[in-house]
Amino acid sequence: MPHATLRNVPEPPPSGGGIHAADFRLRCSNTASRPTWLKPLLLLLLPILLVLLAACEDSEQPATTATSAATATPAPTAEATLAPTSLTFMAGFKPQANLPFVGAYVAQEKGFFQEQGLTVNIEHSRTSGEEFRFLVAGNAQITTADASVVLERRSGDPAVPVVAFALIGQTGQQGFAVLADSGIETPKDWEGKTAGYKGSKPTPDYLAILDAAGVDRSKIQEVRVGFEPQVLTEKKVDVLAVFLSNEPDTLGRLGYQVRTFDPADYGVPTLGLTYATSESYLQEHPDIVQRFLKAALKGIYYAKENPDEAIDIVLRYAPGEDREHQRFMFETELAAALAGDAQENGIGWMTAQQWQALYDMLQRYQALSGPLADLSAAYSDQALRNIYTNGQLQWP
Amino acid sequence: MAEHILVEGLSKVFPHRGRPLEVLCRLELRVDWGEFVSVIGPSGCGKSTLLRIVGGLLEPTAGRVHIDGRSPREAQKDKDIGLVFQDPSLLPWRTVLGNVKLPLEVNPTDGRRPLFQPKELLELVGLSAFADYHPHQLSGGMQQRVAIARALVFQPSLLLMDEPFGALDEITRSTMRYELLRIWQSARSQRPKTVLFVTHSIAEAITVADRVVVLTPRPGQVRAVIDIELPRPRDESLERSGQFLEYAQQLRNLLKEEPQ
Amino acid sequence: MTDVPLREPWEPLALAPPRWNGALRAVAGYALPPTVALAIGLLFWEVWTRTRDISVLLVPPPSRVIDRFLDRPGFFLGEGMTTLYEALLGLALGAAVAIAAAVLMAHSRLAERALFPLAILVKVTPVVAVAPLLVIWFGFGLWPKVCVAALISFFPFLVNAVTGFRSVNPGAMEFARSLRASPFQVFLKLRAPSALPYLFAALKVSLPLSLIGAVVAEWFSGDKGLGLVIFTANYQLDTPTLFAAIAVLAVIGVALNTAASLVERRVLFWHEAFREQD
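Residues numbered from 1 in each chain as written. Chains lettered and ligands numbered in written order. Predicted model: local features only at pLDDT ≥ 70, side-chain atom pairs only at ≥ 80, totals over all residues.

Q: Help me understand the sheet that holds strand β6 (residues 158–162) of chain B, please; the structure alone is not making it clear to me.
A: Across a sheet, paired strands are connected by hydrogen bonds in the backbone, their directions being either parallel or antiparallel. All names here are of chain B. Pairing in this open sheet of six strands is mixed, and the strands run β5-β6-β7-β3-β8-β9 from one edge to the other. With one partner strand each, in any of the chains shown, β5 (81–84) and β9 (222–227) form the two edges of the open sheet. Here the average twist between neighbouring strands, direction ignored, is 15°. Looking at chain direction, β5 and β6 are connected through four bridges and run parallel. Note on β6: the bridge partner recorded for I81 is L158. Packed onto the sheet, helix α1 (residues 47–54) meets β3 (36–40), β6, β7 (194–199) and β8 (211–215) and runs at close to 155° relative to β7. (Pairing = 2+ DSSP bridges. Helix = DSSP H or I, 4+ residues; strand = E, 2+ residues; numbered from the N terminus. Axes fitted to C-alpha atoms, helices over the stretch in contact; angles between N-to-C directions. Contact = placed C-beta atoms within 7 Å.)

Q: Could you clarify how one ought to interpret the packing of helix α8 (residues 183–218) of chain C against helix α10 (residues 239–267) of chain C in this entry?
A: The description of two helices packed together rests on the angle between their axes and the distance between the axes. All names here are of chain C. Put simply, α8 and α10 touch, their axes get as near as 10 Å, and they point 165° apart. In terms of orientation, α8 and α10 fall into the roughly antiparallel class. For the pair α8 and α10, the sense of crossing is right-handed. Residues L196, F200, L203, K204, L207, P208, L211 and V215 of α8 form the contact with α10, whose participating residues are L249, I252, G253, L256, N257, A260, E264 and V267. (Parallel < 35°, antiparallel > 145°, perpendicular 65-115°, else oblique. Left-handed = near helix turned anticlockwise from the far one by under 90°.)

Q: Explain the nonpolar core to me, please; I cannot follow it from the model alone.
A: In a soluble, globular protein the nonpolar side chains are often hidden away together inside. Ranked by internal contacts, the top residues of the largest apolar core, which has 100 residues, are V102(A), A164(A), F165(A) and L293(A). At 10 residues, helix α11 (residues 286–305) of chain A tops the list of elements feeding residues into this core. Looking at which domains feed residues into this core, each of domain 1 (85–171 + 271–393) and domain 2 (174–266) of chain A gives three or more. Apart from residues no more than four positions distant in its own chain, F165(A) is found in contact with Y275(A), A276(A), T277(A), L282(A), V289(A), L293(A), S380(A) and A383(A). Counting residues in hydrophobic clusters, the runner-up holds 77 residues, among them V65(B), L90(B), L121(B) and V195(B). (Core = buried A, V, L, I, M, F, W, Y, C linked by C-beta atoms within 7 Å. Buried ≥ 20, exposed ≤ 12 C-beta atoms within 10 Å, placed from the backbone. Domains from an automatic or database assignment.)

Q: Looking at this structure, I do not really get unusual backbone geometry. What am I missing?
A: When glycine is set aside, most residues are seen to have a negative phi, and most peptide bonds are trans. Residue P158(A) follows D157(A) across a cis peptide bond; omega there is 5°. Residue placement: P158(A) occurs in the loop between α6 (147–155) and β4 (162–167). A cis amide bond, omega -5°, links R232(B) with the succeeding residue P233(B). Here P233(B) shows up in the loop between β9 and α8 (242–256).

Q: So what exactly am I meant to see when it comes to helix α6 (residues 170–187) of chain B here?
A: Helical geometry note: an α-helix holds 3.6 residues per turn, so side chains three or four residues apart project in the same direction. Residues and elements named next belong to chain B. Taking 1.5 Å per residue, 18 residues should reach 26 Å; α6 reaches 26 Å between its end C-alpha atoms and fits that length. Listed in full, the buried residues belonging to α6 are M176, R177, L180, I183, W184 and A187. Along its buried surface, α6 packs onto β3, α4 (118–124), α5 (140–151), β7 and α7 (202–208). (Expected span 1.5 Å × (residues − 1).)

Q: What's the story with the sheet that holds strand β2 (residues 21–31) of chain B in this structure? I'm lost.
A: Residues and elements named next belong to chain B. Taken in spatial order, the three strands make up an open sheet running β2-β1-β4, and their pairing is antiparallel. Sheet topology places β2 and β4 (62–67) at the edges, where each strand pairs with a single neighbour. Put simply, the sheet's adjacent strands are angled 20° from each other on average, direction ignored. Looking at chain direction, strand β1 (residues 5–14) and β2 are connected through seven bridges and run antiparallel. The residue bridging K12 from the neighbouring strand is L24, located in β2.

Q: Help me understand the interface of chain B and chain C in this model?
A: A common way to express how large an interface is: the accessible area buried when the components associate. The interface of chain B with chain C comprises 24 residues on the first partner and 19 residues on the second. Elements with a contribution of two residues or more to the side of chain B that touches chain C: α2 (72–77), α3 (96–106) and α6 of chain B. Looking at side-chain class alone, the side of chain B that touches chain C contains 12 nonpolar, nine polar and three charged residues. (Nonpolar A, V, L, I, M, F, W, Y, C, P; charged D, E, K, R; others polar.)

Q: What am I meant to see in the confidence of the model for chain C here?
A: All names here are of chain C. Per-residue pLDDT for chain C has a mean of 88; in total, 90% of the residues score no lower than 70. Note on residues 9–16: pLDDT is under 50 here. Beyond four places in sequence and across chains, it has five contacts. Reported confidences for the modelled complex are a pTM of 0.80 and an ipTM of 0.85. (pLDDT = per-residue confidence, 0-100.)

Q: Please explain the environment of V289(A) as it appears in this structure.
A: Residue and element names in this part refer to chain A. In this structure, V289 sits in helix α11. For V289, a count of 24 C-beta atoms within 10 Å puts it in the buried group. Between the C-alpha atom of V289 and that of F330, which follows or precedes it by 41 residues, the distance is 24 Å.

Q: Explanation requested: helix α15 (residues 352–364) of chain A in the structure shown.
A: Residue and element names in this part refer to chain A. In this model, α15 (13 residues) spans 18 Å end to end at C-alpha, consistent with the 18 Å of a helix rising 1.5 Å per residue. Buried residues of α15: W355, L358, Y359, M361 and L362, and no others. One side of α15 holds all its buried residues, which, seen down the axis, span an arc of 165°. Of the residues in α15, the exposed ones pointing more than 90 degrees away from the buried face are A352, Q353, D360 and R364. Downstream of α15 by one or two residues, Q366 has phi in the positive range, about 55°. (Arc of directions from axis to C-beta.)

Here it is, written out as C-alpha cells:
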C-alpha cells in the first residue's frame, strides 16, 4: 500500500511498527553540546567585570563635593577681596518664622549675604531628616538643627558627622499643652490620662518633667501622634507634646484655650535651634561658615530692630502663613535667643557647660543610641569668637 | 395525531443599524411526532434564527409557532425542549457529570416530569468512564456528547440542534452523526423524540434525517422538502449507495440554483 | 468508537525525561534563577558602595544591612507580622466591600453609573492625605491601618469583580436562559465561578498594595510595625535598619504572592491560562 514519505523524518527501525519516542530523541536531537546556562551566565558577569574595572579607576579620584566654585583659598578673616562663593542653606522645616530661618531670609533680602561675598540658595526640608541627608550628600552645606538632634545624630549607628556652630535658641521650644478646661493643672494630673508624642518615642524632656514633678509614668497612656493639633482638640489625647512657639498660638487662634508646661520651669535643661554644618565642610571652609554666620546673625539683629519688615520678608518665603502667628513665633524665639549668656556675648553664643548639661540629660533618659566619645566635637564656637567682640557683631 | 411542530407565516426582522434585516419571510413548516428533520440552506438564510424561535429564545416579528399546541415559551417552561448548539458551552469548573446534572440543580423537579438520571445519560452517550473528568480534558466530539446528554435530562420530546458538529474535524464529524442516531434510537425508546437538526453539510443532512428541508437564501423560506427513504438503522455503507448519491446531487442542485 | 481523552494527535512527542527527581528539579527551576540573579546584584551593589566611597548614610553596603538584620531578626520579623496582619485584614475588608458593590453593579447598570465615579474618587485620593484623618476618627490602634489597606485594595477588586461577573460565556448564558434560571441561580452557578480568575488577578495586585498601605498608615500613628521602623530609621538616617526593614517587607510580599499563585493554580485548574504546560 503506497504511503507518503515525509521529508527529513528518519525511517523507523525495521523491527516492529510505528515510530518510537526514543528514536526521535536519538536521531532528531541536534542541539549543541554546550550547556544552555553558559551564555546567560556570561551575560550577567560581563557588566560586573566592567563595573569593577571602572571602580578601580575612579577610586583614585577624590570624592566630589557639591560646592562648585568653593575652591576659594581659605582666608579666615579675609577683608578686602572675598572670593565669591555659592552655597546651599537648607532650613530644617517648612518656611516659617523660626529664628534661624528669619536670619537667613533677612540676610538674603537685605543683601547681607552678598556683602559677605556669598550667593546663598535657600532650601527647605520637606521630610524629616532630609536636611542631614542633603548635608551628607553635599547638596547643602549649612542647615539648622535642634541641639538635641545634633547629639542624637552624632550618637547614631551609622553616625552623622554634623557640627553645630551657633546656638540660636538658648532654651528649647519643646513643651506640652493641655486644654485649659481639662482640669489638668500640674504634671501630676497627667496620671490616668493619655499623652501624645511625635517622633518614634517619648522625648527626654517629657521623661525629665515626669521625674522632676514626681509623676508615675506607668499611669500615663502614651501614644504616638502626627502633626495635627486636632488630636488635642478632638480629645484623642489629653496632653500633647508641642513647640511652645507654635501650637499653643495656633490653637488659640482656632478658639481653643490651652495651658502649657515648659520644661525650664521644672529645671530641665533644653537647648533650641542651631546653625549646623558637616565636619568636613567646617574643616575645609571655616571662613565661609564664618561669613555665613556673620550675615545670618546680622539678619537676626536687623529683624530684632525691624520686626514688621522682618515678618514681611518671612511671608515672602511663606506666603500662605498667618502674619500674627508668624509674629508670635518670631517674638517667642527671639526672647529665647536673648536669654542667658547670649545677653552679654551675643545671639548664637554657646558654652561647653550648656552642651554638657544637655548631653547628661539625654544620656540619663536614654535618648542617645550610645555615649559620645568626644562631646566637644559636636559643636564649634570658633566662628562665634571671631565675629563677636564684647558681645558686638563685627561688620562687615 | 396532529403535528408536533407547526410554523405558520413566520417572519423575523432584525433592526440592523437603521436598515432592517429581513431574515425569515413567511416561512411555513410542519414537523410530525418522532420525525428527524434536517434543515439546510446557504449561509445567512436564517436556519439558526428559525431554530432559536422554535426554541423560545427569540420572539418572531410575525407569524406563529406551535409546539404541540403550545407556544415555544410554554414548551420551554415545561422543559419539553432540549437545545444543543455548536459551542457545547460546558462549565469548565464542573466535571462531566456535574455539567449533566446542572439542569436538575437549576430546576429541581418533584417527580412530576419523567427524567433521565445523569449517570444513565452518560452511559447512553458512551462517556461513563469520564464522569469525573473536566471538559478541558475531553476532545471536541466528547464535549458535544456531554452537551447532548445534558439536553436530554428532562426527557424533552423535542430536540433542537444547531450545527452541533460544526466545530469538529471531518473524521469526528462523520462518526458523530452515527453516534447521534444511536443515541436518538435509545432515547426514544422511552418517549418519541422529534429532532430539528440544522446543518450546512449535505452528507450530514441526508444521513440523519427522515426529511430534509431546504431553505432559500435570505430572507429564508422553504425552498423544497425532500423525503429521505433510506432504511434505518443507518450506517456508513449507506453513504456509498446510489440512492444516497442521488439525494446528495438533488440537494446540491437545489442549493446552487437561484430560486424563481 | 475509541476515545482519546487527553491530547490531540498533533501534539509534539515527549522529549527525554529529566535526569533527577521531577519535584526537586521543579523547585530548583523556579527558585534558582532569581536567587542567583539576586546574589549577583548584591555583589554588584557591595562592590560599588565600597569602591566608590559612598557614605553609609546614603547607601549602605548589603553586608551592613544583613548584619543589622542578624542582630535582631526576631524584631524585624515580629514587626513584619504586625504589618502583615493589618494588611491582610484591610485587604479582606476592601475585597468584601468591593465584591458586594460589584454584585450590585453587575445586575444594575443604574447602580454602576451611580457608584463607579465614587469608586474612582476613592482610588484617586492619596493615602497620605487620608491617613491623618483616619487617625482622628478611629484612634491610634489597628483601625486606621486596616482602613488604609482596605481603601487601597478596594478599586482593583471592584473593577475585576464587575468585569468577572459580566464575563460569562455567552453560550452558557443562553443555556441558562433556556433553563429559565433565576438571576440568583445565574449568579451562583455562572457569574461567580466565571469571576474567579479575575478575582485572583485582583488579589495578586492588591496583596503588595495593601502591604504598602499598612506601612504608610503606620507612619502616622501607632507604635508597632515595619512602617514605624522605616519611619524612624529614615529620620535617624539609620540606613542599614531602613534597608533591612524594606528587605523584610519585600520577602513578605514575595511570600504572599507565591502563596496566592499556588492557591490560584489549584482552584483555577480548569482555566485556559493554566493549561499550557511547558
